[in-house]
Amino acid sequence: MSPTLKRIIGVLAAIFILSIAYYGNYLPLNKSQTFIKTLQGLSSAHSLKEFEDMLSVPLAIPSPIGQEELVRNSANIAMNLVQQNNDPKTIGEIINFLEKYYQPIIDYGRGMSFEQNLYVLGTINEIAFVKTHQIDFLRAADKYFRKGLELGPQRPQFLYGMFDVYRTEGNVDASKQIAAQILSQWPDDARTQQGLEQFLNYVASSTAAKTKVKK
């Protein structure tokens, strides 16, 4: 092998090693460290915009790994904010901010934590609906839970999620069907049995009241 070829190979090997160090170590480390610093300073945010601006910094740092984990951690923060807030406009802004970063992950459509991501999005939208009574949030929860069931038909998170959605919609047949599936997998689940009975009693009493009014 000629000395020139050896030098070329040596340079290429050095570049390769530096690239691995940069993309595999430095970028993920920098991203995670910035996120930790951001979390420590979030309590000083005086507005939702300031909160979003601060959280956007680590989420915007390029890295071949780590983005999905940071987005999911951000979702937990957003969920707490939604739970503590009653203003529909603020809740909508929080959801929009979160889904902006989650969209590429959902579009990718796979990964070891993909079903967990669907559950997080379904749950936060369900909470948002309970807080605001805005139907778009319930539809979004339905979308994410339903997609989760397609990927994992026996996953309890999505079964219970859809059970909540169907009861909220007043869908008697679907509520019975999914409750039957839950109870077939967990026969001792008294909470689901009780939830179904309460829902059916509510529907029956509401129907009876409406019939009485018409008469």
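Residues numbered from 1 in each chain as written. Predicted model: local features only at pLDDT ≥ 70, side-chain atom pairs only at ≥ 80, totals over all residues. Heavy atoms only, no water.

Q: Looking at this model, I keep getting lost on the overall build of the protein. Mind explaining?
A: Broken down by element type, the protein carries nine helices and zero strands. Along its sequence from the N terminus, the protein presents helices and strands in the succession α-α-α-α-α-α-α-α-α. With 215 residues in all, the protein has 37% of them scored as buried. Residue pairs in contact within the protein that sit at least 24 positions apart in sequence constitute 57% of those at least 6 positions apart. As presented, the protein carries roughly 13,200 Å² of accessible surface, and 57% of it is formed by carbon and sulfur atoms. (Helix = DSSP H or I, 4+ residues; strand = E, 2+ residues; numbered from the N terminus. Buried < 20%, exposed > 50% of the residue type's maximum accessible area, 1.4 Å probe, protein only. Contact = heavy atoms within 4.5 Å. Areas by Shrake-Rupley, 256 points an atom, 1.4 Å probe, with all protein chains shown as cover.)

Q: How should the nonpolar core be read in this particular structure?
A: Within soluble globular proteins, side chains that are nonpolar tend to cluster in buried spots. Of all hydrophobic cores here, the largest spans 48 residues; its most connected members are Val-82 and Tyr-102. Only helix 2 (48-60), helix 3 (67-83), helix 4 (88-108), helix 5 (114-132), helix 6 (135-151), helix 7 (156-169), helix 8 (172-185) and helix 9 (190-214) provide two or more residues apiece to this core. Residue contributions to this core peak at nine residues, all from helix 4. (Core = buried A, V, L, I, M, F, W, Y, C linked by side-chain atoms within 4.5 Å.)

Q: How should I be thinking about the packing of helix 7 against helix 8 in this particular structure?
A: The interhelical angle for the contact between helix 7 and helix 8, taken along N-to-C directions, is 155 degrees, at an axis separation of 9 Å. Relative to helix 8, the element helix 7 lies roughly antiparallel. With respect to the hand of their crossing, helix 7 and helix 8 are arranged in left-handed fashion. Mapping the contact onto sequence places Leu-159, Tyr-160, Met-162, Phe-163, Tyr-166 and Arg-167 in helix 7 and Ala-174, Ser-175, Ile-178, Ala-179, Gln-181, Ile-182 and Gln-185 in helix 8. For the contact of helix 7 with helix 8, the residue count by class is nine nonpolar, three polar and one charged. (Axes fitted to C-alpha atoms, helices over the stretch in contact; angles between N-to-C directions. Parallel < 35°, antiparallel > 145°, perpendicular 65-115°, else oblique. Left-handed = near helix turned anticlockwise from the far one by under 90°. Nonpolar A, V, L, I, M, F, W, Y, C, P; charged D, E, K, R; others polar.)

Q: Can you walk me through helix 4 in this structure?
A: Because an α-helix completes one turn every 3.6 residues, residues spaced three or four positions apart along the sequence face the same direction. With 21 residues, helix 4 extends 30 Å from end C-alpha to end C-alpha; this agrees with the ideal 30 Å at 1.5 Å per step. Where helix 4 bends most, at Tyr-102, the angle is about 45 degrees, and the proline Pro-104 comes one to four residues later. Within helix 4, the full set of buried residues consists of Thr-90, Ile-91, Gly-92, Ile-94, Ile-95, Phe-97, Leu-98, Tyr-101, Tyr-102, Ile-105 and Ile-106. Directly after helix 4, the chain includes Gly-109, whose backbone phi takes a positive value near 75 degrees. (Expected span 1.5 Å × (residues − 1). Bend = angle between axes of the 7 residues up to and from the residue.)

Q: I would appreciate a short explanation of helix 5 in the present structure.
A: With 19 residues, helix 5 ought to run about 27 Å at 1.5 Å a step, and its terminal C-alpha atoms sit 27 Å apart, in line with that. Buried residues dominate helix 5, accounting for 15 of its 19 residues. Just downstream of helix 5, His-133 is the residue with a positive phi angle, here 65 degrees.

Q: Just checking my understanding: could you explain the confidence of the model for the protein for this structure?
A: Note: predicted coordinates in regions of low pLDDT should not be interpreted at a detailed level. Mean pLDDT for the protein: 82, with 83% of residues reaching 70 or above. Low pLDDT, under 50, characterises residues 4-24; the predicted model gives this stretch nine contacts beyond four residues in sequence or across chains. (pLDDT = per-residue confidence, 0-100.)

Q: What exactly am I supposed to notice about the pattern of salt bridges here?
A: Think of it this way: side chains of opposite charge can pair up when their charged atoms draw near. In the structure shown here, the tally under the stated rule is seven salt bridges. Of the charged contacts, one joins Glu-68 and Arg-72 as a salt bridge, the two residues approaching to 3.5 Å between their closest N and O atoms. Here Glu-68 pairs with Arg-72, and both are found in helix 3, just four residues apart, close to one helical turn. The exposure class assigned to Arg-72 is buried, which follows from its relative accessible area of 11%. With a shortest N-O distance of 3.6 Å, Asp-136 and Arg-139 are connected by a salt bridge. (Salt bridge = Lys/Arg side-chain N within 4 Å of Asp/Glu carboxyl O.)

Q: Can you walk me through the packing of aromatic side chains in this structure?
A: Pairs of aromatic rings are described using the distance from one ring centre to the other and the angle between the two planes. Following the criterion strictly, the structure yields four aromatic pairs and no others. On the basis of an interplanar angle of 70 degrees and a centroid distance of 5.3 Å, the ring pair of Phe-97 and Tyr-101 is categorised as edge-to-face. In this pair, Phe-97 and Tyr-101 both sit in helix 4, four residues apart, roughly one turn of the helix. Accessibility expressed as a relative area gives 9% for Phe-97, which makes it buried. Taking the centre distance of 6.2 Å and the plane angle of 25 degrees together, the rings of Tyr-160 and Trp-186 count as stacked. Here Tyr-160 is found in helix 7, whereas its partner Trp-186 is found in the loop between helix 8 and helix 9, with 26 residues between them in sequence. A relative accessible area of 29% places Tyr-160 in the partly exposed class. In this structure Trp-186 comes out as partly exposed when scored by relative accessible area, which is 31%. Each member of the aromatic cluster is reached from another via a ring pair, and the members are Tyr-119, Phe-145 and Phe-158. The ring of Tyr-108 has Arg-110 lying over it, and the distance from NZ or CZ to the ring centre is 4.2 Å. Over the ring of Phe-163 we find Arg-167, and its NZ or CZ is 4.0 Å from the ring centre. (Phe/Tyr/Trp six-rings, centres within 6.5 Å; stacked < 30°, edge-to-face > 60°. Lys NZ or Arg CZ within 6 Å of the ring centre and 35° of its normal.)

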